[in-house]
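Descriptive structure summary
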Amino acid sequence: MTATLEVAEGVGTIRLDRPPMNALDIATQDRLKELAEEAARRDDVRAVVIYGGEKVFAAGADIKEMQDMDHAAMIVRSGALQESFTAVARIPKPVVAAVTGYALGGGCELALCADFRIAADNAKLGQPEILLGVIPGAGGTQRLARLVGPSKAKDLIFTGRHVKADEALTIGLVDRVVPAAEVYEQAHAWAARLARGPAIALRAAKESIDAGLETDLDTGLAIERTWFAGLFATEDRERGMRSFVEEGPGKAKFV
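All of these numbers come straight from a predicted model, not from anything done at the bench.

**A few points about the overall build of the chain**
- From N to C terminus, the chain includes eleven helices and nine strands.
- Rg of the C-alpha trace for the chain: 19 Å, near the compact-globule value of 18 Å for 255 residues, within the 12% margin.
- A principal-axis box enclosing the C-alpha atoms of the chain has dimensions of 65 × 40 × 35 Å.
- A separation threshold of at least 6 residues defines the contact pool for the chain, and within that pool the share at least 24 residues apart is 68%.
- Taking the average place of the 31 positive charges on the side chains of the chain and the average place of its 37 negative ones, the gap between the two points comes to 3 Å.

Structural data, given as structure tokens:
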């Protein structure tokens, strides 16, 4: 298997496993889509970690495989490529990327699909596709610009340069930088904490933010309002408010 899904403490870890650099060939892309959809539907998975192992997150697409594809072949494949990454982005649960070593090209695009990114202090991220005469094709031109802003995204995409962990943190490409040996541990802890939270409310928050970013403010407020009112039909809302009144904040145990 080029990737696996393991579950512990309510956290599903999608682990890339294609040595030596976790190159994202077609088989791995398709496997990612399968695992993302599985994580989305499984009740025992309440949060997700994307991890490439101790040495590397993912060094990008399999260039040797892509080199043999012509225009017609890529017209067909590009849709499936984007769908595999979008499946990760649309997991209706908190998702954190545990980034070690290189996260380049498709690897960086995969990290962009997470809600939160924890990077090793020796990590390097980037979108070097321009150096191959192409552009990012798995969401990089869109998700990167939305995350760090269009000017910085153009800097990274136009030059194809690698960004070290400290700069990635400064520009908002990653959210936390930790020692390399602690990346997975901290990512799992972040996910495990949210896995104990109210699952439907977390889904509502994620979908409200993500969908709201794609539309105007009034429509975004309508999306938020609909989810907010709908949560009053959940048992978690009853538990949360009752616990707050009786015990104080932060002590509710959700189902």
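**Topic: the nonpolar core**
- In terms of nonpolar packing, the biggest core is built from 60 residues, with Phe-57, Val-99, Leu-125 and Leu-173 touching the most fellow members.
- Broken down by element, the residue count for this core peaks at six residues, all from helix α8 (residues 183-195).
- Not counting residues up to four positions away in its chain, the partners in contact with Val-99 are Phe-57, Ala-111, Ile-118, Ala-119, Ala-120, Ala-123, Leu-125 and Val-183.

**Thoughts on the layout of surface pockets**
- Quantified by volume, the largest pocket comes out at close to 980 Å³.
- What lines the largest pocket is a set of 31 residues, and nearest its centre among them are Ala-89, Cys-113, Asp-115, Arg-143 and Asp-210.
- Of all the secondary structure elements, the ones that give two or more residues to the lining of the largest pocket are α3 (71-89), α5 (140-148), α8 and α9 (199-213).
- Counting residues per element, the lining of the largest pocket draws most heavily on α9, at nine residues.

**Overview of the sheet that holds strand β3 (residues 47-51)**
- The six strands lie next to each other as β1-β2-β3-β4-β6-β9, forming an open sheet whose pairing is mixed. Looking at the sheet topology across the chains shown, the edges are occupied by β1 (3-8) and β9 (176-178). For this sheet the average axis-to-axis angle between neighbouring strands, irrespective of direction, equals 20°.
- Inspection of the sheet shows strand β4 (residues 95-99) paired to strand β6 (residues 116-120) by four bridges, in the parallel sense.

**Brief notes about the state of the cysteines**
- Counted according to the given criterion, the structure contains zero disulfides.
- A disulfide-free cysteine, Cys-108 has its sulfur positioned 10.0 Å from the sulfur of Cys-113, the nearest such atom.
- On the basis of relative accessible area, Cys-108 is assigned to the buried category, the value being 1%.

**Observations regarding the side chain of Asp-25**
- Take Asp-25: it is sitting in the loop between β2 (11-16) and α1 (26-41).
- The contacts of Asp-25, once residues within four sequence positions are left out, are Arg-18, Asp-62 and Glu-65.

**Details of the pairing of β4**
- Counting buried positions along β4 gives five out of five residues, so the element sits mostly inside the fold.
- Every second residue of β4 is oriented toward a common face, with Val-95, Ala-97 and Val-99 on one face and Val-96 and Ala-98 on the other, all of them buried.

**Topic: the sheet that holds strand β8 (residues 163-164)**
- Taken in spatial order, the three strands make up an open sheet running β5-β7-β8, and their pairing is mixed. In the strand order of this sheet, the two ends are held by β5 (102-104) and β8, each with one partner.

**Here we look at the packing of aromatic side chains**
- Inspection of the entire model under this criterion finds three aromatic pairs.
- Look at Tyr-51 and Tyr-184: their rings are 4.7 Å apart centre to centre, the planes differ by 35°, and that puts the pair in the tilted class. Separated by 133 residues along the polypeptide, Tyr-51 in strand β3 and Tyr-184 in helix α8 bring together distant segments of the chain.

**Describing the pattern of salt bridges**
- Overall, the coordinates contain 15 salt bridges when judged by the stated rule.
- Among the salt bridges present, the one from Lys-33 reaches Glu-37, with a minimum N-O distance of 2.8 Å. Residue Lys-33 and its partner Glu-37 are both found in helix α1; the two are separated by four residues, about one turn of the helix.
- A residue is classified by how much of its surface remains accessible, and Lys-33, at 26% relative accessible area, is partly exposed.
- Taking relative accessible area as the criterion, Glu-37 reaches 36% and is therefore assigned partly exposed.
- In this structure, a network of salt bridges that share partners links the residues Lys-152, Asp-155, Arg-161 and Glu-167.

Reading the values: the criteria
Residues numbered from 1 in each chain as written. Predicted model: local features only at pLDDT ≥ 70, side-chain atom pairs only at ≥ 80, totals over all residues. Heavy atoms only, no water. Helix = DSSP H or I, 4+ residues; strand = E, 2+ residues; numbered from the N terminus. Rg over C-alpha atoms; globule rule 2.2 N^0.38 Å. Contact = heavy atoms within 4.5 Å. Lys, Arg positive; Asp, Glu negative; His and termini not counted. Charge placed at Lys NZ, Arg CZ, Asp CG, Glu CD. Core = buried A, V, L, I, M, F, W, Y, C linked by side-chain atoms within 4.5 Å. Buried < 20%, exposed > 50% of the residue type's maximum accessible area, 1.4 Å probe, protein only. 1 Å grid on protein atoms, 1.4 Å probe; cavity = no way out; pocket = protein on both sides within 12 Å on 5 of 7 lines; lining within 4 Å. Points joined across faces, edges and corners; volume = space filled by probe spheres on them. Pairing = 2+ DSSP bridges. Axes fitted to C-alpha atoms, helices over the stretch in contact; angles between N-to-C directions. Disulfide = S-S within 2.5 Å. Phe/Tyr/Trp six-rings, centres within 6.5 Å; stacked < 30°, edge-to-face > 60°. Salt bridge = Lys/Arg side-chain N within 4 Å of Asp/Glu carboxyl O.

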